[in-house]
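One letter stands for each residue in the lines below.
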Amino acid sequence: MKLFQCQSCGNIVYFENRTCGRCGHRLAYLPETGTLSALQPAGNDTWSPLAAPQRPSFFCTNAAHDACNWLVPPGSTDAFCVACRHNGTVPDLTEEKNLTRWRDMELAKHRLFYALMRWNLPLTTRADDPEHGLVFNFLAEPPPGGGPKVMTGHENGVITIALIEADDAERAKRRSQMGEPYRTLLGHFRHEVGHHYWDLLVRDAGKLEACRAIFGDDSQDYGEALKRHYENGAPSDWQEHFVSSYATTHPWEDFAETWAHYLHIVDTLEMASAFGMQVQPLLDARGDFATRIDFDPYAAASAQQVIDAWLPFVFAMNSVSRAMGERDLYPFVLAPDVMKKLGFIHDLVHGQV
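No experiment lies behind these values; they were computed from the predicted model shown. (Residues numbered from 1 in each chain as written. Predicted model: local features only at pLDDT ≥ 70, side-chain atom pairs only at ≥ 80, totals over all residues. Heavy atoms only, no water.)

Notes on the overall build of the chain
Step number 1: Tallying secondary structure elements over the chain gives 8 helices and 10 strands in all.
Step number 2: Considering only C-alpha atoms, the chain reaches an extent of 65 × 60 × 45 Å along its principal axes.
Step number 3: For the chain, long-range pairs separated by at least 24 residues make up 54% of all intrachain contacts whose partners lie at least 6 apart in sequence.
Step number 4: Summed over all atoms, the accessible surface of the chain reaches about 17,000 Å², with 51% contributed by carbon and sulfur.
Step number 5: The positive charge centre, built from 31 side chains, and the negative charge centre, built from 45, are 4 Å apart in the chain. (Helix = DSSP H or I, 4+ residues; strand = E, 2+ residues; numbered from the N terminus. Contact = heavy atoms within 4.5 Å. Areas by Shrake-Rupley, 256 points an atom, 1.4 Å probe, with all protein chains shown as cover. Lys, Arg positive; Asp, Glu negative; His and termini not counted. Charge placed at Lys NZ, Arg CZ, Asp CG, Glu CD.)

So, in structure tokens, the structure goes:
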């Protein structure tokens, strides 16, 4: 993610902003140009972006719920933007609790789409591909005795997100119960969409053998692997080979976890770059913990370039977080085997596998 600037007054603005805090201009994100733009009314509910005045357009329908700040593509007759057109089921928005949680879900989902579009990854709706198109179902928990709990997961392009995950207390409770060091809404989206892109970029693109050489044999029974993981836990040496304990469950989960972490790293580095951050510890005479993020992580030449910038940066951020009495910002270890897997993901999104 990067910083943006109001075209009217030059104020720094952020991806989720609806209005400029300095000049009051309404703002919208233009996904086709990757720009957050100040707007001028153009009549008939259309808006003219100052960043592209020749391309007036409408707000996404979900802007009426304050759940989206994107414009639909110019000339499009779609009611929804390129991110919201992938929604399938949304909760009952007449319930305030559902609306608040869904808004939080949409913030995370739109950040996901920012990354997917930076890499020009395929984005096909369910309407265009009824069997494998990408669709998100946001499901509220049924009333007591009204059925099983909603399970977050993916199946053939259908990503189900349990709405309760947007409740901070419930998410923290589940993180503790699962023994996880990290659990966020954005993390859920990045992980689950990893399964979708395994289908598209690995299975359907003839890359199975290359992927298996890195992540292992995905043909092993998934149900049995999941049962075994929850009964026995992760191997004692899992940090030497996997980015998380859950990644040890099955090669599919290893891929999805690694995919999510690659997105975590690249997007965080882009924001660090936007702030001109560099790390140069005074006590580091050899420069082992120094880095300057002066490149576009989304267009990095190699995964190694990304990792070389990430490690010093996250060492510093973890230290700052600890100084505030908080958990590490990034509580994970990137062992050599994990770096190799991140390299595969990098090559995959850049079409180099």
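Following the structure, the description resumes.
Quick notes on the sheet that holds strand 8 (residues 158-162)
Step number 1: A sheet is described by the order of its strands in space; here 3 strands give the open sequence 6-8-7, paired in mixed fashion. Two strands lie at the open edges of the sheet, namely strand 6 (135-139) and strand 7 (153-155), each paired on one side alone. Along the sheet, successive strands turn relative to each other by an average axial angle of 20°, direction set aside.
Step number 2: Relative to strand 8, strand 6 runs parallel, the two being bridged by 5 bridges. Note on strand 8: the bridge partner recorded for N137 is T160. (Pairing = 2+ DSSP bridges. Axes fitted to C-alpha atoms, helices over the stretch in contact; angles between N-to-C directions.)

Details of the pairing of strand 3 (residues 27-30)
Step number 1: Along strand 3, one buried face is formed by L27 and Y29 and the opposite face, lined by A28 and L30, is buried too.
Step number 2: Relative to strand 4 (residues 35-43), strand 3 is paired through 4 bridges, and the arrangement is antiparallel. Note that in strand 4 the partner of A28 across the bridge is S37.
Step number 3: In textbook terms, the turn of a hairpin is the stretch between consecutive antiparallel strands, and for strand 3 and strand 4 this stretch comprises 4 residues, one of which, G34, has a positive phi near 65°. (Buried < 20%, exposed > 50% of the residue type's maximum accessible area, 1.4 Å probe, protein only.)

Observations regarding the sheet that holds strand 4
Step number 1: Here we have 3 strands laid out as an open sheet, ordered 3-4-5, and antiparallel in their pairing. Edge positions in the sheet fall to strand 3 and strand 5 (46-49), since each has one partner strand and no second. The average undirected angle you get between the axes of adjacent strands in this sheet is 55°.
Step number 2: Two strands pair when backbone bridges link them, and strand 4 and strand 5 are joined in this way by 4 bridges, in the antiparallel orientation. Its bridge partner lying in strand 5, L39 is registered against P49.

With respect to helix 6 (residues 251-274)
The periodicity of an α-helix, 3.6 residues per turn, causes residues three or four positions apart to be oriented the same way.
Step number 1: Compared with an ideal rise of 1.5 Å per residue, which puts 24 residues at 34 Å, helix 6 spans 35 Å between its outermost C-alpha atoms and is within 8% of the ideal.
Step number 2: Phi turns positive one or two residues past the end of helix 6, at G276, with a value near 65°. (Expected span 1.5 Å × (residues − 1).)

A word on the side chain of K109
Step number 1: Here K109 lies in helix 1 (residues 96-118).
Step number 2: What makes K109 buried here is its relative accessible area of 0%.
Step number 3: Separated by 2.9 Å, the side chains of K109 and E106 make a polar contact.
Step number 4: Those residues within four positions of K109 in sequence are excluded, and the remaining contacts are A83, C84, N87, F136, F138 and F189. (Polar contact = N/O pair within 3.5 Å; in protein donor to acceptor, adjacent residues only side chain to side chain.)

Observations regarding the pattern of salt bridges
A pair can form between side chains of opposite charge whenever their charged atoms are brought close.
Step number 1: Scanning the model with the defined rule gives 22 salt bridges in all.
Step number 2: Here D328 ties to R322 by a salt bridge, and the two come within 2.6 Å at their closest N and O atoms.
Step number 3: We classify R322 as exposed; its relative accessible area is 55%.
Step number 4: It is possible to trace a salt-bridge network through shared partners that takes in E141, E165, E170, R174, E180 and R183. (Salt bridge = Lys/Arg side-chain N within 4 Å of Asp/Glu carboxyl O.)

Things to note about the nonpolar core
Step number 1: Counting residues in hydrophobic clusters, the biggest one holds 75 residues, and the most contacted among them are W70, W119, F255 and W259.
Step number 2: Of all the elements, helix 1 adds the most residues to this core, at 9 residues.
Step number 3: Among all residues touching W119, those that are not within four sequence positions of it are Y262, L263, V266, Y298, V349 and H350.
Step number 4: Grouped together as the second largest cluster of nonpolar side chains are 8 residues, L30, A52, A63 and L71 included. (Core = buried A, V, L, I, M, F, W, Y, C linked by side-chain atoms within 4.5 Å.)

Regarding the UniProt feature "domain: Zinc-ribbon" (unreviewed entry) in the chain
Step number 1: UniProt feature "domain: Zinc-ribbon" (unreviewed entry): in the numbering of this structure it lies at residues 3-94.
Step number 2: Helix makes up 0% of residues 3-94 and strand 23%, with an end-to-end C-alpha separation of 34 Å. (UniProt positions renumbered as here; feature names shortened; annotations may be inferred.)

Let's talk about empty space enclosed by the protein
Step number 1: Within this structure, the stated rule accounts for 2 cavities of 30 Å³ or more.
Step number 2: Quantified by volume, the largest cavity comes out at close to 50 Å³.
Step number 3: Its boundaries defined by the atoms lining it, the second largest cavity holds a volume of some 30 Å³.
Step number 4: Only helix 6 and helix 7 (303-323) provide two or more residues apiece to the lining of the second largest cavity.
Step number 5: A per-element tally of the lining of the second largest cavity places helix 7 first, with 3 residues.
Step number 6: Taken together, the residues of the lining of the second largest cavity sort by class into 6 nonpolar, no polar and no charged. (1 Å grid on protein atoms, 1.4 Å probe; cavity = no way out; pocket = protein on both sides within 12 Å on 5 of 7 lines; lining within 4 Å. Points joined across faces, edges and corners; volume = space filled by probe spheres on them. Nonpolar A, V, L, I, M, F, W, Y, C, P; charged D, E, K, R; others polar.)

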